[in-house]
Amino acid sequence: MQCSCFQLLVAALALVAGLQLLYLALLSGLHGQDQRSHYAELFQGRRSLPSDGHKERLKQVLASGGSLDASRQYRIYQDMLRGTWDSEHSQDVVLVTHTSLSNLHHTQQLVERWRGPLSVALFAPGSAEVRLATMMVYALAALCAPIRQLVRLHLVCQADQVAAFPELEDHDEFARLQACGDVFAKLARVGAGQRNYAMDVVNASYPNNLLRNVARRAVGGHWMLVVDVDMVPSEGLREAFLALPRVTDEGMPRVLVVPAFEIRHTRRIPGTKTELLQLYQVGEIRPFYEELCPRCQAPTNYSHWLNLPVGAPLRVAYEVEWRDPWEPFYIGASSVPHYDERFKQYGFNRISQACELHMAGYRFAVLSNAFLVHKGFKVASDFHAQKDAENQRNKVLFRQFKQELKIRYPTSPRRC
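Summary of the structure given here. A quick note: this is a predicted structure, and the numbers were derived from the prediction, not measured.

For the rest of this paragraph, the subject is the packing of helix H12 (residues 351-359) against helix H13 (residues 387-408). Two elements in contact, H12 and H13, have axes whose closest approach is 11 Å; the angle formed by their N-to-C orientations is 20°. Accordingly, the angle class assigned to the pair H12 and H13 is roughly parallel. The element H12 and its partner H13 pack so that their crossing is right-handed. Together, Ile 351, Ser 352, Cys 355, Glu 356 and Met 359 of H12 and Phe 398, Phe 401, Lys 402, Leu 405, Lys 406 and Arg 408 of H13 make up the contact between the two elements.

This is the structure:
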C-alpha cells in the first residue's frame, strides 16, 4: 500500500511537471504570436500579415526619426516600404513618382500597368496626415502583395512632425479593410474633391522637387522615368525599352522622351498607340497641357509622332532640340542632374531641370510607340486659388536659377 501511494505521488508530480512544461510552451508560443500579431488587431486578425522583414523595416525606419533635408524644413523617412526589386544584377527601368496622401490611390493603376519597380515619395504636411499616411502605408504592406514586391515608398513631412508606428487605438480606421482593393478605395475617398497643391495645413508647401529627388535615391544604377502620379504609361513600355539595342552615345549624353497626352476623365486610359490614335481622332485625347500651355510640350513634335508607323517595335524615332519652355517626360540614366529643391508648389519645377539638361549638353530623342496619359484634361478652373501667385514667385526664382546655370556650365554654348 505504501509503494502504491508513493507511485501515485510520483505520477502526480510528473503530471504537474508535464502540465507546467505544456503551459510554458503555450505561453511562449502565445508571446511569439503576440509579437507578430499585435498590430494584426488593426485588421481584426483575419488575414495574412506581411513578412517580419517588412514590418520590422517599417518599425526601424520610423524609430530612427528620419533625416532632415538640406533646408532642414522637411523630415524624410527613406524606404518605409522596400520592394524586392533593388538588385542591380540586371538593369531595369524604375518608375519614379511623388504624391500627396490624396493622390496615393493612383499608385494602384501604376503598379498594374508598369509591372516593374516603382519608387514613390509621399508627402504628408500635418500631424493628422502623417498619422494617416503611416497607417495606410502599413495597410498597403499588410494587404497588397504587389506593393510589397514592387514599390519602395518614402515618407516626407515637415521637420516638426514625427511619424510613429500605428497604435491599437487606430483599430477603427482598419475595421473594414479586408483586401488590397479596400485600402485603395479608402485612399480614393481620402482624395475625393481635393485639388493638387491645395494644402490644408498652414504654411505648408508641396515640395515637388524634393520629393522627386527623394524617390530618385532608390534608382541606383537603373534607368528611370519620372512621372506625376496621375499619369499612366503605355502598356509594355518598360519591357519594350529594355529590349531596345543599346547604342553608345557619341560624346553627348541623351534622354529618351516619352510623349505625354491628357484624356477626358470619363474615358478609359488607352494601352496601345492604336487605341490612343482612335481617341485622338475624336477629340477625347490631346497633347498634354494643350489648352493651358501648348508651347510647354510643342517641341515633342506631336504631328510627326502621331504619323509614325503603328505596330513596329519600339525605337528611337527622331531627335529634337530643346527650347524654352519645353518640359518633357523622359527615360534617363540615374546620373542626370537632380531637381532644384527650392522650387515648391506650382510652376517651373520641371522646366528648371530640363533647362539644366540642355545646358549640360544632353540630347533629346523621342521614342516611337511609347506614351504617357494624364488622367483628365488640364483646365484653368481645376487649379487651386494660389496657382498664379505661386507661378509668379517661381518665375523669379527661375530667372535666378538660369543665371546660376551660366556659372555652373561656363563653357556651355547653350542658353535657356
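A few words now on the sheet that holds strand S7 (residues 231-233). Spatially, four strands are ordered S7-S14-S9-S10 in an open sheet, and the strand pairing comes out mixed. One side of each edge strand has no neighbouring strand; the edge strands of this open sheet are S7 and strand S10 (285-287). Ignoring strand direction, the axes of neighbouring strands in this sheet form an average angle of 30°. Taken together, the four bridges between strand S9 (residues 260-263) and strand S14 (residues 372-375) define a ladder with parallel strand orientation. For Phe 261, the partnering residue across the bridge sits in S14 and is Val 373. Lying over the sheet, helix H3 (residues 107-114) contacts S7 and S14, oriented at roughly 10° with respect to S7.

For helix H7 (residues 180-191), which comprises 12 residues, the first-to-last C-alpha distance of 17 Å matches the rise-based estimate of 16 Å (1.5 Å per residue) to within 8%. Restricting attention to buried positions, one finds in H7 the residues Cys 180, Val 183, Phe 184, Lys 186, Leu 187 and Gly 191. Burial along H7 is one-sided: seen end-on, the buried residues are contained in an arc of 155°. Positioned one or two residues after H7, Gly 193 has a phi angle of 80°, which is positive.

Here a disulfide denotes a covalent bond joining the sulfur atom of one cysteine to the sulfur atom of another. In total, this model carries three disulfides according to the counting rule given. Between the sulfur atoms of Cys 293 and its disulfide partner Cys 296 the distance amounts to 2.0 Å. The sign of the S-S torsion, about 75°, decides the handedness of the disulfide formed by Cys 293 and Cys 296: right-handed. Pair check on accessibility: Cys 293 and Cys 296 agree, each one buried. One disulfide in the model links Cys 355 with Cys 416; its S-S distance is 1.7 Å. The chirality of the disulfide connecting Cys 355 with Cys 416 is right-handed, given an S-S dihedral of about 115°. Taken together, the positions of Cys 355 in helix H12 and Cys 416 in the segment after H13 put the pair 61 residues apart, joining distant regions of the chain. Here Cys 355 falls in the buried class, since its relative accessible area comes to 0%. By relative accessible area, which is 26% here, Cys 416 ends up partly exposed. In the protein, the bonded cysteines, numbered by position in the sequence, are linked as 1-2, 3-4, 5-6.

The residue Thr 97 is located in strand S3 (residues 93-100) in this model. Sequence separation between Thr 97 and Asp 228 is 131 residues, and the spatial gap between their C-alpha atoms is 5.7 Å.

Bringing the pairing of strand S6 (residues 223-226) into the picture now. Burial along S6 is two-sided: Trp 223 and Leu 225 facing one way and Met 224 and Val 226 facing the other are all buried. Strand direction decides the pairing type here: S3 and S6, joined by four bridges, are parallel. Within S6, the position partnered with Val 96 by the bridge is Val 226. With three bridges joining them, S6 and strand S12 (residues 330-333) adopt antiparallel strand pairing. The residue of S12 that forms the bridge with Met 224 is Gly 332.

Rules behind the numbers
Residues numbered from 1 in each chain as written. Predicted model: local features only at pLDDT ≥ 70, side-chain atom pairs only at ≥ 80, totals over all residues. Heavy atoms only, no water. Axes fitted to C-alpha atoms, helices over the stretch in contact; angles between N-to-C directions. Helix = DSSP H or I, 4+ residues; strand = E, 2+ residues; numbered from the N terminus. Parallel < 35°, antiparallel > 145°, perpendicular 65-115°, else oblique. Left-handed = near helix turned anticlockwise from the far one by under 90°. Contact = heavy atoms within 4.5 Å. Pairing = 2+ DSSP bridges. Expected span 1.5 Å × (residues − 1). Buried < 20%, exposed > 50% of the residue type's maximum accessible area, 1.4 Å probe, protein only. Arc of directions from axis to C-beta. Disulfide = S-S within 2.5 Å.

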